[in-house]
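# Working through the structure, step by step
So the chains spell out like this:
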Amino acid sequence: MKMKKAVVRNYKSVENSGEFSVDQITCLVGKNEAGKSAILDALYKLNPVEQNRGEFTEFEFPRRRIKRDFSGDEWKQEPAVRTTWIVEGADRSAATAQFGFDPFLEEEISISKGYDNILRIDISFNELAAVKYYTEKLTAAELEPVSESLSIATVIDDLGKVESPTQNQKSVLETLKQNFAPIDLTAKVRTFVASRIPKIVKFSEYYRLPGRVAINDLRQKISQNTTSFNERVFLALLDLAGTSIDALTSVQKTEQLYMQMEAISNQLTDEIFEYWSTNAHLSVKFDVREGKPGDPVPFNSGLVFHTRVENLRHRATVDFDERSSGFIWFFSFLVWFSQVKKNYGQNLMLLLDEPGLTLHGKAQADLLRYFNEKLRPKYQLIYTTHSPFMVDPDYLLSVRTVEDRSEGKTILGTKVEGQSLTVERDTVLPILGALGIEITQTLFVGKHTILVEGPSDLLYLKWFSHILRTGGRPGLDPRWTISPVGGIRKIASYATLFSTQPLNIAVFSDFHFGDKNEIERLRKGDLLKKGQVLTAEAYAGKSEADVEDMIGRPMYVRLVNKAYGLTGAQALRESPNDQSTGRVLEEVEQHFRLLPPGAPEFDHFTPAAFLMEHGAQFKGTPELEQALARFDRLFADFNAMLPDA
């Protein structure tokens, strides 16, 4: 199942958050003390992996409301969290396999929990499907008493009135009575739904694997049920390695223990460094030894487990607690999450409170890449942040703002809004910062700007405009600034950030069927003026086209052969009269994939750079004249978008 919407009420600073939508990855942005953590805490209690953390207590109910709005224990009836979930295909298949029919009339179900700590599941029960399933083995004659029955209750009632029931009728009647209680037809279906709710994993920026653990002290805390979350992260590490507190004290198994711990350390370190570009010269080491009298309590006696980080560049190791806090957090999160996956499988939902708070901006970008590549395909994730580097500009529509509001002297509490720039400026500052960072890293901005997908597009437009102008034709008006944005999806970020400024923005992009929806949204949306999104297929004469198709296959194939020095059997076939209808880039990319080892790798930029430096080789050729005609039409359309000089 997949969470679609949520609302939190009467929990800490939240009186009514307002209902907000939940995406595959949802980012909650807001100031400190806005109530972001409270939203996550309430959601966590719905189905936490730590069962003893799942209860709402009276101390979490807003105190001013108990005194102001309730008498006695009325407040306990108030729901704290209500969520809407989508029943997916796999859930329906599993339900059908268990019940024999699809019990869900609608795709949405509601799951809530209040201060009585009862999980309430509301579904629209497909009663007609149940009636059909349980009566389908009856013959036509046996069906006659229930032929007009539309509910299980009426089927039970009608079959009960049959004076001489057949064995089939008796069997159906007994089965219905056993499976459907008169006062609650959906009890078993709700139990099924409860088993399908993802286990919820919550991890905070402040949860860390401790660098030192005194085994005797930890054993005592376990017996008293007073372990901290950080100590539970350590226990998760032991569980991942297939060992335990008791195994640590077994001298006979110490070497085996080291082997197990090193194996899990190597696995986690490898996973980290796939997404940790800040310093690739680190590794995590474990050691178990007796405490020394001079060490602080409780590390001065008994067995002590040490976690250290080795810096291969400086050939030194330091205590884990003394390393970069960002690295410690990332490693600790992977330990905890890996152990949860081991125990609960893949049906998980993640809540991360201020992840990567102490990471450098570049490392935060790595963390976002981890979210998108490792978590997005399998898990829903909700995370909080007030860092602009943790707001993904590619997924701005998945950002929700969190604000602690009041109107005059009336306190409204924490509110969650959809992606909006109309709330308090301090609240949306991380969103604006993320947009600003994205734009300044990718764009050259002018009063009249053409957004293109990549730097090769910029070079081609510049070169063909120059050739046209030197030949006495207009070319592209010099008032235009051409800005590569890194892909069609980045255009919305740019337009949003500068929508309040008097900029004339146009777009030129490739056109593939896979990008059709994105292009149509740009054309029909209100971020750009109507008619200012131009695509290559309109000028190349093909249903799908890149800017390379406007150059034409004859000239582009020759350009690629020269740029990469391809000759003989490795060269692309050149034909001056080729009328291919496919995209030339697809042909070129496929050709390079078939070249033998050691051959150059193809990229879009190299041919464009070669053309800028050695374009004189193509002057006077028929294929160049054909390409110029196409670019001439494109530039004329762009120039028509400019005001009169």
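Read on for a plain summary of the structure. This structure is a prediction, so every number in the text was calculated from the model and none was measured.

### Topic: the overall build of the protein
A tally of regular secondary structure across the protein gives 24 helices and 20 strands. Rg of the C-alpha trace for the protein: 32 Å, well past the compact-globule value of 26 Å for 645 residues, more than 25% over. Considering only C-alpha atoms, the protein reaches an extent of 95 × 90 × 65 Å along its principal axes. Considering only contacts in the protein between residues 6 or more positions apart, those separated by 24 or more positions represent 71%. Summed over its atoms, the accessible surface of the protein is roughly 30,700 Å², and 50% of this surface lies on carbon and sulfur atoms.

### Looking at the packing of helix α21 (residues 553–564) against helix α22 (residues 584–593)
Contact geometry of α21 with α22 gives a least axis separation of 10 Å together with a crossing angle of 30°. The angle between α21 and α22 falls in the class roughly parallel. Every pair of crossing elements has a handedness; the one defined by α21 and α22 is right-handed. Mapping the contact onto sequence places Arg553, Tyr556, Val557, Val560 and Tyr564 in α21 and Val584, Leu585, Glu587, Val588 and Phe592 in α22. Split by residue class, the contact of α21 with α22 holds eight nonpolar, no polar and two charged.

### Quick word on the pairing of strand β6 (residues 108–114)
For β6, the buried fraction is high: six of the seven residues fall into the buried class. Bridge count between strand β5 (residues 79–86) and β6: seven bridges; the pairing is antiparallel. Residue tryptophan 85 lies in a different strand from β6, and its bridge partner there is isoleucine 109. Taking the residues that link successive antiparallel strands as the turn, the β6-strand β7 (residues 119–122) hairpin has four residues, and the phi of asparagine 117 there is positive, at about 60°.

### Remarks on the sheet that holds strand β14 (residues 380–385)
Strands pair in a sheet through their backbones, by hydrogen bonds, and they do so in one of two ways: parallel or antiparallel. Strand order in the open sheet formed by six strands is β8-β13-β14-β4-β15-β16, and the pairing between neighbours is mixed. The strands lining the two open edges of the sheet, one partner per strand, are β8 (199–204) and β16 (410–417). Adjacent strand axes in the sheet meet at a mean angle of 15°, parallel and antiparallel pairs treated alike. When β8 meets strand β13 (residues 348–353), the two strands line up parallel, connected through six bridges. Bridge pairing in β13 places valine 201 opposite leucine 350. Sitting on the sheet, helix α13 (residues 325–344) touches β8 and β13, and the angle it makes with β8 is about 165°.

### Quick notes on the packing of α21 against helix α24 (residues 622–639)
Where α21 meets α24, the axes come as close as 8 Å, and the angle between the chain directions of the two elements is 115°. Viewed along their axes, α21 and α24 form a crossing whose handedness is left-handed. Two secondary-structure elements touch here, α21 through Pro554, Met555 and Arg558 and α24 through Glu623, Leu624 and Ala627. Of the residues contributing to the contact of α21 with α24, the split by class is four nonpolar, no polar and two charged.

### Quick word on the pairing of strand β17 (residues 448–452)
Among the five residues of β17, five are classified as buried, and the element is accordingly described as predominantly covered. What you see with β17 is no split at all: His448, Ile450 and Val452 on one side and Thr449 and Leu451 on the other are buried throughout. For β17 and strand β18 (residues 480–484), the ladder comprises five bridges, and the chain directions are parallel. Across the sheet, the residue bridging to isoleucine 450 is isoleucine 482, located in β18.

### Observations concerning helix α4 (residues 127–135)
Among the residues of α4, Ala130, Val131, Tyr134 and Thr135 are the ones counted as buried. Looking straight down α4, one finds its buried side chains confined to an arc of 110°; they lie on one side. What points out from α4, more than 90 degrees from its buried face, is the exposed set Leu128 and Lys132. Looking at the buried positions of α4, the neighbouring elements they touch are α3 (89–99), α5 (140–143), α6 (152–160) and α7 (167–179).

### Here we look at the nonpolar core
If you look at soluble globular proteins, the nonpolar side chains tend to sit buried side by side. With 117 residues, the main nonpolar core has Phe234, Phe305, Tyr370 and Phe371 as its most contacted residues. No other element matches α13, which puts eleven residues into this core. Formed by 51 residues, the second largest nonpolar core is a distinct cluster that contains Leu458, Met555, Phe592 and Ala608.

### Structural notes on the environment of valine 14
Along the chain, the position of valine 14 falls in strand β2 (residues 14–16). Distance from valine 14 to threonine 414, taken between C-alpha atoms, is 4.7 Å for residues 400 residues apart in sequence. If near-sequence neighbours (up to four positions away) are discounted, valine 14 is found in contact with Val8, Arg9, Ala38, Ile39, Pro62 and Thr414.

### Points about the packing of aromatic side chains
Applying the stated criterion to the full structure yields 37 aromatic pairs. On the numbers, 5.6 Å between centres and 85° between planes, the contact of tyrosine 11 with phenylalanine 56 is edge-to-face. Here the residue tyrosine 11 occupies a position in strand β1 (residues 2–11), and phenylalanine 56 occupies one in the loop between α1 (36–44) and α2 (63–69), the gap between them amounting to 45 residues. Given the relative accessible area of 3%, phenylalanine 56 is considered buried. Geometrically, the ring pair formed by phenylalanine 333 and tyrosine 370 is edge-to-face, given 6.4 Å between the ring centres and 85° between the ring planes. With phenylalanine 333 in helix α13 and tyrosine 370 in helix α14 (residues 361–375), the pair connects residues that are 37 residues apart, well separated along the chain. For the pair shown, phenylalanine 333 and tyrosine 370 are each scored as buried. Members of the aromatic cluster, connected to one another through ring pairs, are Phe203, Tyr207, Phe229, Trp329, Phe330, Phe333, Trp336, Phe337, Tyr370, Phe371, Tyr379 and Tyr383.

Criteria and cut-off values
Residues numbered from 1 in each chain as written. Predicted model: local features only at pLDDT ≥ 70, side-chain atom pairs only at ≥ 80, totals over all residues. Heavy atoms only, no water. Helix = DSSP H or I, 4+ residues; strand = E, 2+ residues; numbered from the N terminus. Rg over C-alpha atoms; globule rule 2.2 N^0.38 Å. Contact = heavy atoms within 4.5 Å. Areas by Shrake-Rupley, 256 points an atom, 1.4 Å probe, with all protein chains shown as cover. Axes fitted to C-alpha atoms, helices over the stretch in contact; angles between N-to-C directions. Parallel < 35°, antiparallel > 145°, perpendicular 65-115°, else oblique. Left-handed = near helix turned anticlockwise from the far one by under 90°. Nonpolar A, V, L, I, M, F, W, Y, C, P; charged D, E, K, R; others polar. Buried < 20%, exposed > 50% of the residue type's maximum accessible area, 1.4 Å probe, protein only. Pairing = 2+ DSSP bridges. Arc of directions from axis to C-beta. Core = buried A, V, L, I, M, F, W, Y, C linked by side-chain atoms within 4.5 Å. Phe/Tyr/Trp six-rings, centres within 6.5 Å; stacked < 30°, edge-to-face > 60°.

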